[in-house]
Every structure is written in C-alpha cells, then in structure tokens.
Amino acid sequence: EDQVTQSPEALRLQEGESSSLNCSYTVSGLRGLFWYRQDPGKGPEFLFTLYSAGEEKEKERLKATLTKKESFLHITAPKPEDSATYLCALAPQGGSEKLVFGKGMKLTVNP
Amino acid sequence: DGGITQSPKYLFRKEGQNVTLSCEQNLNHDAMYWYRQDPGQGLRLIYYSQIVNDFQKGDIAEGYSVSREKKESFPLTVTSAQKNPTAFYLCASLGQGGRRPQHFGDGTRLSIL
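Keep in mind that what you see is a predicted model, and the values were worked out from it rather than measured.

A. Main features of the sheet that holds strand 3 (residues 19–25) of chain B. Residue and element names in this part refer to chain B. Strand order in the open sheet formed by four strands is 1-3-8-7, and the pairing between neighbours is antiparallel. One side of each edge strand has no neighbouring strand; the edge strands of this open sheet are strand 1 (4–7) and strand 7 (64–66). The average angle at which neighbouring strand axes cross in this sheet is 20 degrees, direction not considered. Relative to strand 8 (residues 76–78), strand 3 runs antiparallel, the two being bridged by three bridges. From the neighbouring strand, Leu-21 faces strand 8, where its bridge partner is Leu-76.

B. Geometry of the interface of chain A and chain B. The interface is formed by 20 residues belonging to chain A together with 21 residues belonging to chain B. Between chain A and chain B the total buried area reaches about 1800 Å² when both faces are included, carbon and sulfur atoms providing 52% of it. There are one salt bridge connecting chain A and chain B. Here chain A and chain B share four residue pairs in polar contact (both at pLDDT 80 or more) between them. At the level of elements, strand 4 (30–38) and strand 5 (45–50) of chain A are the ones that each hand at least two residues to the side of chain A that touches chain B. Per-element accounting of the side of chain A that touches chain B gives the leading share, four residues, to strand 4 of chain A. Partitioned by chemical class, the residues of the side of chain A that touches chain B number eight nonpolar, seven polar and five charged.

C. Main features of the nonpolar core. One finds Leu-21, Trp-35, Leu-73, Tyr-86 and Leu-107 of chain A to be the most contacted residues of the largest nonpolar core, which totals 24 residues. What Leu-107 of chain A contacts, discounting residues up to four positions off in sequence, is Leu-11, Leu-13, Ile-75, Asp-82, Ser-83, Ala-84 and Tyr-86 of chain A. With 19 residues, the next largest nonpolar core counts Ile-4, Trp-34, Val-66 and Ala-87 of chain B among its residues.

D. Expanded view of the sheet that holds strand 6 (residues 56–59) of chain A. All names here are of chain A. With antiparallel pairing, five strands are arranged side by side in an open sheet as 1-3-8-7-6. Every interior strand has two partners, whereas the edge strands, strand 1 (3–7) and strand 6, have only one. The average angle at which neighbouring strand axes cross in this sheet is 15 degrees, direction not considered. Bridge count between strand 6 and strand 7 (residues 62–66): four bridges; the pairing is antiparallel. Following the sheet pairing, Glu-58 is matched in strand 7 by Lys-63.

E. Region of the structure containing the confidence of the model for chain B. Looking at chain B as a whole, its pLDDT mean stands at 93, while 97% of the residues score no less than 70. Of all helices and strands in chain B, the one with the weakest mean pLDDT is strand 2 (residues 10–13) of chain B (93), whereas strand 7 of chain B scores best (98).

F. Structural view of unusual backbone geometry. Put simply, Ser-7 of chain A and Pro-8 of chain A share a cis peptide bond, and its omega is -10 degrees. Within the secondary structure, Pro-8 of chain A is located in the loop between strand 1 and strand 2 (10–14). Omega for the bond connecting Ser-7 of chain B with Pro-8 of chain B falls within 30 degrees of zero, at -10 degrees, which places this linkage in the cis form. Position of Pro-8 of chain B relative to the elements: it lies in the loop between strand 1 and strand 2. Of note in this structure, Asn-28 of chain B is not a glycine but carries a positive phi near 60 degrees. Of note in this structure, Asn-53 of chain B is not a glycine but carries a positive phi near 70 degrees. Structurally, Asn-53 of chain B can be placed in the loop between strand 5 (44–51) and strand 6 (54–57).

Parameters and conventions
Residues numbered from 1 in each chain as written. Chains lettered and ligands numbered in written order. Predicted model: local features only at pLDDT ≥ 70, side-chain atom pairs only at ≥ 80, totals over all residues. Heavy atoms only, no water. Pairing = 2+ DSSP bridges. Helix = DSSP H or I, 4+ residues; strand = E, 2+ residues; numbered from the N terminus. Axes fitted to C-alpha atoms, helices over the stretch in contact; angles between N-to-C directions. Contact = heavy atoms within 4.5 Å. Buried area = accessible area lost by both parts, 1.4 Å probe. Salt bridge = Lys/Arg side-chain N within 4 Å of Asp/Glu carboxyl O. Polar contact = N/O pair within 3.5 Å; in protein donor to acceptor, adjacent residues only side chain to side chain. Nonpolar A, V, L, I, M, F, W, Y, C, P; charged D, E, K, R; others polar. Core = buried A, V, L, I, M, F, W, Y, C linked by side-chain atoms within 4.5 Å. Buried < 20%, exposed > 50% of the residue type's maximum accessible area, 1.4 Å probe, protein only. pLDDT = per-residue confidence, 0-100.

Pasting the structure below:
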C-alpha cells in the first residue's frame, strides 16, 4: 500500500533557527513527490515537485530534496511568516493521477 | 487571474439535509478532485473526475455524490447518509501535459447545526 509519513507532527523554531522536515514514503513506483504549504483556513499552496532520487529544488528559504525512501524540506533561517502547515504528497505511477497525502507538519516560527 | 473558486466558505447542515458545495475552475483543466480534511489527518480523496461526464469514487465516497456536466464545474453533494460531515472540504484541479501539481481552492468548512 502506498503510504506517506511526515515527522515531526509539529515543530516550534526561533526565528533564524534552521531545521528540516521529513517525509518518508513507500510506493511501488513513484511518478512524483509534492510539497505544499497550507495556511489556516486556506487551501494548500504548491511549493515543489520532485521526480527522482538526488533531485533538489529551492525557493527562498526552502529547499526540498529526495531520496528513494524519503524527502526533506530544509528551512534555512526561518521567519515568522514561514509558520504554516507543510504537506507532503506522493503521486504513484498509474493512470488516475491521484495523490496520497501525509498528515502534515505544523511549523511555528517565533520572533 | 486563473484559479479555483469554492463556495460558500462556510456552510451549515441540518439533520437529514443534503447540501451542495460548489467548485469552479477557469484553468481549463481536465481533471478535478474533492478531498476532505479533518484535524490531525491527511487529505482524503472523496471523488475525482478526469473528463466531463465521468467520475470515480475515491477512498471515502460513501455519503457523497458528484456530477461533472461542464469542464469548469465539479459540485459535491454531502447527503444525509454522511453521518459525520463536519470537515474542511477542498477542491483541486489538474491540467494535462507533463508532470504537474494539483491546484487547490480555498475550501469550504461544513458544520452541523
């Protein structure tokens, strides 16, 4: 069964304190892995897509990496506006293009 | 600007009542999806449609129904058979061609009166 596990469930950081969020997955064949950011009361906002092991993507203070078993979202020198829930989702190979989501990780960055 | 519009933002359901959540997109996307989000749980797929006049059940379709009469629209009806409808409902769409992400609307929060 295709599965996504995110850890930790919640993380509190001080402004400027870098850290990483983990997304481990099991899938028979990976079409892509997606990272989203979700603010309270809003829909998920797309951040990155990763397709193959070794791939890295960067956007401002965020950097996503992918191995054959997990993905990391590295946050460098976070600011309070980075506070949000971060969702990881995988797209298994196949024709339906359904996504399998993790439970999310709530990040709070204190000033 | 292109995007996905969900309405209403908040909805209240009485006992035994069916309610319909609206989802409209102007992205010219073929595929559309409905998810349910509960606190502490990941998004769970209710229904999806890859083309007009066709749709498939997701993982938690019981108590829900959909239609796809137009490419732009994919309404979700929460029926009285859904005994625990209180949740945040998200609609998404996906375009064709290459590897791409699903795009989401801003959700409808459904509560029981």
